[in-house]
Amino acid sequence: MLPGRPGPLVACLLLGLLLLRLPPVRNRMPEAVKAGVCPPQHADKNCEQNCTLNCSGDEDCQDNLKCCRAGCDTFCLMPNEKEGSCPLIHPGIPMLGLCFNECTMDSECSGRMKCCLNGCGKVSCVTPNF
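Owing to the predicted nature of the structure, the values given are computational and were not obtained by experimental measurement.

*Asks:* Is there a simple way to explain the overall build of the protein chain in this structure?
*Replies:* Helix and strand content of the protein chain: 1 helix and 4 strands. Starting at the N terminus, the α and β elements of the protein chain follow one another as α-β-β-β-β. Residue pairs at least 24 apart in sequence account for 50% of intrachain contacts in the protein chain once pairs closer than 6 positions are excluded. On the protein chain, roughly 10000 Å² of surface is accessible, and the fraction owed to carbon and sulfur atoms is 60%.

In structure tokens form, the structure reads like this:
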């Protein structure tokens, strides 16, 4: 055997792999799980016939969207609980804020805003503490 040339056994193995058309072995990274909880979804009654798989894990979804299940369907959705914590409300300061409920969960707030208690005793979309 000449130096720098594969042996006949190696050549046969490579040829066999090419003929079998096996996909190349890839180092798959562990699935990334994003923060938050999927909002409640209602399953389609005809789920078995109309299954839609838009994602298989959080890594398939852009930005901070999560891969959420609804019956047999999966969708990229804004999570209910976003990162950060709600700012503290100091009772000594006059109660200020929107005096109506602007949201019920974080996913109803745009961007990184969270649904938190405000100074008026209601909830509104506010910038969280990180």
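And the narrative resumes.
*Asks:* Explanation requested: the confidence of the model for the protein chain in the structure shown.
*Replies:* Caution is warranted with low-pLDDT regions, since their predicted coordinates should not be read in detail. The share of residues in the protein chain with pLDDT of 70 or more is 63%, and the mean pLDDT across the chain is 75. Considering only residues more than four positions removed or in separate chains, one finds that residues 22-30, a stretch of pLDDT under 50, has 2 contacts.

*Asks:* Honestly, the side chain of Asp58 in this entry has me stumped. Any pointers?
*Replies:* Within the secondary structure layout, Asp58 lies in the loop between helix H1 (8-20) and strand S1 (66-70). Judged by relative accessible area, which is 7%, Asp58 ranks as buried. Within the local environment of Asp58, its side chain forms a polar contact with the backbone nitrogen of Cys67, the two atoms lying 2.8 Å apart.

Cut-offs and rules
Residues numbered from 1 in each chain as written. Predicted model: local features only at pLDDT ≥ 70, side-chain atom pairs only at ≥ 80, totals over all residues. Heavy atoms only, no water. Helix = DSSP H or I, 4+ residues; strand = E, 2+ residues; numbered from the N terminus. Contact = heavy atoms within 4.5 Å. Areas by Shrake-Rupley, 256 points an atom, 1.4 Å probe, with all protein chains shown as cover. pLDDT = per-residue confidence, 0-100. Buried < 20%, exposed > 50% of the residue type's maximum accessible area, 1.4 Å probe, protein only. Polar contact = N/O pair within 3.5 Å; in protein donor to acceptor, adjacent residues only side chain to side chain.

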